[in-house]
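Okay, here's what each chain looks like letter by letter:
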Amino acid sequence: MASSVKAGGQAPNGRRGPKTGTNVAARTIPAQPEPEAPAVVDAPAVVEASAPVDTPARVDTPAPVDAAAPVDTPARVDTPALVDTPARIRSGAGTPHLNFNPRAAFDAYRGALAPTLRAQREALKAIECFGRYQYSVAGDYLEWGAAQAKANLKLGTPAELTASQAALATQFGAKIQGRVREFVNLASETRASFNQLLGEMTAGLAETIKQSVNKS
Amino acid sequence: MADFSFDSSTALNTYRSVFAPTLRAQQEALKTVERFSRYQFAVATDYFEWGVAQAKASLDLRTPAELTASQTTLATQFGEKLQGRVREFVNLTTEAGSSFTQLLGETTAKVAEAIKKSA
């Protein structure tokens, strides 16, 4: 028995076993898990939670994605109902429904700025009146200058020249007096209209404040 | 001592007859200046009316389409007015040129007559 063992060259169990460092199969083929390892890998996260913590193979195994996983898993946080996919964006299902009416916005703007608009209209009316008045005064000066030049070029006697100049000056003075009265009337009307506008605006503002106070 | 009898009315008449062409030219020039001044005044009034109408249309603040339509109407009206003013200006210039040409012809004829008489 002992010779056969020697001849066969049977290596002793503890010393001539396969070396992991030099064995090609051991280097290329990954190590197979132990018989109980697949059961742990395929187990759901719930099972893993009840597994003992001190087992290194079980701790390093990633948790499988399962539809029946508990609520705190990341797969349940990003639910498809809240994610805007391109298809959902194209269909407009995920966008909020904005009911914007430009006419209503324009009406609101008009209502909010109505006092300012009315003040601008009154100012425009006043500017128009004063512009027309100034044009009238300029026309009066033009007429007076043309009449004076004509009177000078007629070349009558000196007495006639003096008389015509005096008549022209009187006429122009009367015209200017009328223009001054017109200017005073214009200024009074403008002031009255602006005072009225200011009173109406103040009354409207007070009414609005009263209504808002009553609502609140 | 020499007796000088100076008649102011005769001197004035002589002065008038000598400077009659110049005076007439001055009167014509004054007429032309007055016409052109009135024309410029009318054009300035047109611009003033246009500006006031534009401001009124802008302050009416209706829909943008109405605003555009009113602006277009105002621009068309002002263009027609300006066309009329241009025609008026051409007429004024033509009349002024013809009146000065006529005045120059009359003055030349009078001077030629006076030279012929004196010769």
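Residues numbered from 1 in each chain as written. Chains lettered and ligands numbered in written order. Predicted model: local features only at pLDDT ≥ 70, side-chain atom pairs only at ≥ 80, totals over all residues.

## Focus: the overall build of chain B
Selection criterion: Helix and strand assignments follow DSSP, with helices taken as H or I runs no shorter than four residues and strands as E runs no shorter than two, numbered in order from the N terminus. Our exposure labels follow a C-beta count within 10 Å of each residue's own C-beta, placed from the backbone: buried means 20 or more other C-beta atoms, exposed means 12 or fewer, and partly exposed covers the counts in between.
Within chain B, the regular secondary structure consists of 3 helices and 0 strands. Burial status across chain B gives 0% buried among its 119 residues.

## So, the overall build of chain A
To be explicit about the condition: Two residues qualify as being in contact provided that their C-beta atoms, derived from the backbone, are within 7 Å of each other.
Per the secondary structure count, chain A includes 10 helices and 0 strands. Secondary structure elements of chain A, listed N to C terminal, follow the sequence α-α-α-α-α-α-α-α-α-α. Sorting the 216 residues of chain A into buried and exposed places 0% on the buried side. Sequence separation of at least 24 residues holds for 46% of the intrachain contacts in chain A that already meet a minimum separation of 6.

## Quick look at the interface of chain A and chain B
Let me state the cut-off plainly: Note on residue categories: nonpolar means Ala, Val, Leu, Ile, Met, Phe, Trp, Tyr, Cys or Pro, charged means Asp, Glu, Lys or Arg, and polar means any other residue, Gly included.
Each partner contributes residues to the interface: chain A has 15 residues there, and chain B has 15 residues. Classifying every residue of the side of chain A that touches chain B gives 8 nonpolar, 3 polar and 4 charged.

## What about the confidence of the model for chain A?
Residues and elements named next belong to chain A. The condition is simple: What pLDDT expresses is the predictor's confidence in each residue, scored from 0 to 100.
In the predicted model, chain A carries a mean pLDDT of 70, and the fraction of residues at 70 or more is 55%. Within chain A, no element has a lower average pLDDT than helix α1 (residues 2-8), which sits at 42, and none a higher one than helix α10 (residues 158-215), at 91. Across residues 34-71 the pLDDT falls below 50, and counting only partners more than four positions away or on other chains, this stretch makes 25 contacts in the model. Taken together, the stretch residues 73-79 has pLDDT below 50 and engages in 6 contacts with residues farther than four places along the chain or on a different chain.

## Some words on the environment of Lys 175 of chain A
Tracing the chain through its elements places Lys 175 of chain A in helix α10. Sequence separation of Lys 175 of chain A and Asp 140 of chain A is 35 residues, and the distance between their C-alpha atoms is 7.6 Å.

## Here's the deal with the confidence of the model for chain B
The predicted coordinates ought not to be read in detail in places where the model reports low pLDDT. Residue and element names in this part refer to chain B. Confidence in the prediction of chain B, expressed as mean pLDDT, is 87, and 97% of residues score 70 or more. Summarising per-element confidence for chain B, the mean pLDDT is lowest in helix α1 (residues 8-18) (80) and highest in helix α3 (residues 64-118) (90). On the interface metric, ipTM, the complex scores 0.72, and its pTM is 0.58.

## Overview of the packing of helix α9 (residues 114-154) of chain A against α10 of chain A
Residues and elements named next belong to chain A. Rule in force here: Think of each axis as a best-fit line through the C-alpha atoms, taken over the contacting stretch in the case of a helix, with angles from 0 to 180 degrees between the N-to-C directions. An angle below 35 degrees is read as roughly parallel, one above 145 as roughly antiparallel, one from 65 to 115 as roughly perpendicular, and any other as oblique.
In the contact formed by α9 and α10, the axes pass within 11 Å of each other and the chain directions differ by 180°. Looking at the two axes, α9 sits roughly antiparallel to α10. A class-by-class count of the residues in the contact of α9 with α10 yields 18 nonpolar, 7 polar and 6 charged.

## Let's talk about the packing of α9 of chain A against helix α2 (residues 20-60) of chain B
When two helices pack together, their arrangement is given by the angle between the helix axes and by the axis-to-axis distance. At a minimum axis separation of 11 Å, α9 of chain A and α2 of chain B run at an interaxial angle of 175°. In terms of their interaxial angle, α9 of chain A and α2 of chain B are classed as roughly antiparallel.

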